[in-house]
Amino acid sequence: MSDPVTNLRSAVEGSAAALRGDAHDPPASSPTLERPPRADFGDFSTNAAMLLAPVLGEPPREIAARLAEELGGRLGEDVEKVEVAGPGFLNLFLADAWYRRAAAAMLTAGEDLGRPPAPEEPERVLVEFVSANPTGPLTAAGGRHAAYGDSVARALEFAGHPAAREYYVNDRGGQIERFAESLAARMTGGETPEDGYEGEYVAELSERLQADGVGPDDLDWLARQGAEMMRAHIEETLRRYGVEFDTWSSERELYDSGAVEQVLADLRGHGHVYESEGAVWLRTSDLGDDKDRVLIRFGGEGTYYLADIAYHRQKLERSGGRILDVLGADHHGYMDRLRAGLAALGLEPERLEFAIIQLVHVVDGGERAQMSKRKGEFVTLDELIDDIGVDATRFFMLQRSHDTTVDLDLELARRTSNENPVYYVQYAHARIASILRKAGGDAETRAAAADVTAVSPPAEPAERALIKRLCELPDEVSEAAARRAPHRLCAYATATAADFHAFYRDCQVVGAEGEGVEESRLAICLLTKRTIARTLGLLGISAPERM
RNA sequence: GCCCCCGUAGCUCAGCUGGAUAGAGCGCCGGCCUUCUAAGCCGGAUGUCGGAGGUUCGAGUCCUCCCGGGGGCGCCA
């Protein structure tokens, strides 16, 4: 059965095309099919007539009147009336028949419920995120990056765009050396070096390393082993958090494989490289950056930037599509120079996309916790998970747009944990599970097989509102994926839960009166349960059967 | 000085790439459990959308400037 929302949309587009005729070009954008701001504006509204107005050179409301007639004819018994409103909107008032068919169509979707239509051109996206240095445990900020990148990848995959998750490990360079020196200092009882790392985890790690026979004398070996142990710990934290990476890329390997050397040679070949003050520079100021950048430091050591160009070239090759870098706000200055680096190689910088994640402030009892990885003062992701759980942590991190700062008040999250927005959504899911249990062991089977079109009494407003909400999931998934905006799914989950709670209030399910009503409502419950589980799943949040 | 993000209800934030009388959660006030989970529901109060111009049929949304908050501007990553 075809999807009723898609049918509606094509009816609107078809009517608009018919009215326009062949003599005019189509409007710049396709008409909206949206939820009107008020219930008495109908079930759906469209701006199609307003878009046609400049094309046809006629007043919007006149076009709307003709469009209403055309559309009414096309929709037949699905529509009760089409009204012209405001500056030229068309408000569609749909019949129960449309709602019942919409529910029936969703029932046949099974596990594909909410999946948007397959994209015409699937886009491979390699998402690199977290990539925190292996010099300490993940902090709360890492938790935001992890939740965001993972959820974007989940949305992309569900929308039909193959996504890969990648973590880039900076396992060499100055910070790793400071890290190794700090570990060695712990072992020998010496002073922590300037810009070194402190904190309990440094002591614990140095003990574990010594137990494994790694001593303070061979700093290079210590650096490798220390970084690897830390990396493994980060991986474990992420797994606990529900995030699994497809690939772990190593900066050190880029050197070992000769990829860094090769990229330097190629940059030289493209003629953007020069030497000055004993260092080797890339003339990025010719390519959109505000100043030139060092590739090889005074002393012969390659910079992080040089390896990063090699890394991004490799990612472009491996991705075969787009690459998405999820970076912290403090790295935003990195965008121009990275694009410039790729342009210097003759690659396409527009295949590189950035998501800049704003900061997370962990607040404890009104006071901001200091966050310094080097001093070992921070709230770790592990502590956060221990405190408020994976589900609440992910929801808190995801519910806000990535370009706004998150203030996470631990005390509040602990103290009022059952007022947490995530529980509101999970509760709706658990409530439905409870209804299905109450309806008997075969309730899900009955619901899935129900003929929801064979119902005689008219649908309750709450039923219609809920079904309409469920119909929106494919659009929400598409938007969340296309705009890299998983926070929309949090809002959608909350709205769906609210619509369900209203349905629950108004509509008795088990033992409902009327021909086919109980079966039909069981089916709506099942659809809502699947919708909530799917939405939470895209956020990496569990959907409990009981609470 | 330059670059990025933010400024919307008492608080924390949405606002579907320009649409109708700007929303949600928390908090506040008042109601609802002998009926499928009250972690729920219903009703109520609160807004110069930071400010000033501009673009057009229409601006919280786009452009310019200003104010305020945060972050960055390294031969660290």
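For the structure itself, look to the data block above.
Residues numbered from 1 in each chain as written. Chains lettered and ligands numbered in written order. Predicted model: local features only at pLDDT ≥ 70, side-chain atom pairs only at ≥ 80, totals over all residues. Heavy atoms only, no water.

Counted according to the given criterion, the structure contains 49 salt bridges. Salt-bridge contacts for arginine 322 lead to glutamate 123; the nearest nitrogen and oxygen are separated by 3.9 Å. Remark: glutamate 123 occurs in the loop between helix H4 (96–109) and strand E4 (125–128) and arginine 322 occurs in strand E10 (residues 322–328); sequence separation between them is 199 residues. For the salt bridge of arginine 165 with aspartate 150, the shortest nitrogen-to-oxygen distance reads 2.7 Å. Here arginine 165 is found in strand E5 (residues 163–169), whereas its partner aspartate 150 is found in helix H5 (residues 140–158), with 15 residues between them in sequence. (Salt bridge = Lys/Arg side-chain N within 4 Å of Asp/Glu carboxyl O. Helix = DSSP H or I, 4+ residues; strand = E, 2+ residues; numbered from the N terminus.)

Turning our attention to the pairing of strand E3 (residues 89–94). Residues in a regular strand project their side chains so that they alternate between the two faces of the sheet. With five of six residues buried, E3 lies mostly within the body of the structure. As paired strands, strand E1 (residues 44–46) and E3 are joined by three bridges and run antiparallel to one another. Along E3, the bridge assignment pairs threonine 46 with leucine 90. The pairing of strand E2 (residues 79–85) with E3 spans six bridges and is antiparallel. Among the inter-strand pairings, valine 79 is bridged to a residue of E3, identified as leucine 94. Joining the antiparallel neighbours E2 and E3 is a turn of three residues, in which glycine 86 adopts a positive phi near 55°. (Buried < 20%, exposed > 50% of the residue type's maximum accessible area, 1.4 Å probe, protein only. Pairing = 2+ DSSP bridges.)

Near RNA strand B there are 58 residues, and of these Arg38, Phe89, Tyr427, Arg431 and Ser434 occur at the shortest range. The sugar-phosphate backbone supplies 62% of the atoms of RNA strand B found within 4 Å of the protein. Between a phosphate oxygen of RNA strand B and a side-chain N or O atom of arginine 297, the distance comes to 2.6 Å. Arginine 483 places a side-chain nitrogen or oxygen 3.3 Å from a sugar or linking oxygen of RNA strand B. At the level of secondary structure, the elements contributing two or more residues to the surface near RNA strand B comprise E3, strand E8 (279–282), helix H15 (421–438) and helix H19 (487–506). Looking at which element gives the most residues to the surface near RNA strand B, the answer is H15, with eight residues. By residue class, the composition of the surface near RNA strand B is 24 nonpolar, 16 polar and 18 charged. (Near = heavy atom within 4 Å. Polar contact = N/O pair within 3.5 Å; in protein donor to acceptor, adjacent residues only side chain to side chain. Nonpolar A, V, L, I, M, F, W, Y, C, P; charged D, E, K, R; others polar.)

Moving on, we come to the packing of helix H2 (residues 48–56) against helix H3 (residues 60–75). Between H2 and H3, the least distance of the axes is 8 Å, while the angle of their chain directions is 120°. Considering their axes alone, H2 and H3 lie oblique with respect to each other. Crossing of H2 over H3 shows right-handed handedness. Residue-level contacts link Ala48, Ala49, Met50, Leu52, Ala53 and Leu56 of H2 to Pro60, Ile63, Ala64 and Leu67 of H3. Residues belonging to the contact of H2 with H3 are distributed by class as follows: ten nonpolar, no polar and no charged. (Axes fitted to C-alpha atoms, helices over the stretch in contact; angles between N-to-C directions. Parallel < 35°, antiparallel > 145°, perpendicular 65-115°, else oblique. Left-handed = near helix turned anticlockwise from the far one by under 90°. Contact = heavy atoms within 4.5 Å.)

Working definition: the strands of a sheet are paired by backbone hydrogen bonds and lie parallel or antiparallel to each other. The parallel open sheet is built from five strands, whose spatial order is E6-E5-E4-E10-E11. Strands at the two margins of the open sheet, each flanked by one partner only, are strand E6 (247–250) and strand E11 (352–357). When the angles between neighbouring strand axes are averaged without regard to direction, this sheet yields 25°. With four bridges joining them, E4 and E5 adopt parallel strand pairing. Bridge pairing in E5 places leucine 126 opposite alanine 164. Where helix H12 (residues 334–344) meets the sheet, its contacts fall on E10 and E11, and the angle it forms with E11 comes to roughly 165°.

What follows concerns H3. With 16 residues, H3 should reach 22 Å at 1.5 Å per residue; the first-to-last C-alpha distance of 21 Å fits that figure. Listed in full, the buried residues belonging to H3 are Ile63, Ala64, Leu67, Ala68, Leu71 and Leu75. Buried residues in H3, looked at end-on, bunch into an arc of 145°, giving them a common side. Residues Glu69 and Gly73 are exposed on H3 and point more than 90 degrees away from its buried face. One or two steps after H3, the chain reaches glycine 76, where phi turns positive at roughly 55°. (Expected span 1.5 Å × (residues − 1). Arc of directions from axis to C-beta.)

Within the secondary structure, arginine 521 sits in helix H20 (residues 517–538). The exposure class of arginine 521 is buried, given its relative accessible area of 10%. In this structure arginine 521 touches Glu460, Glu463, Phe503, Cys507, Gln508, Val509 and Ala512, once residues within four positions along its chain are discounted.

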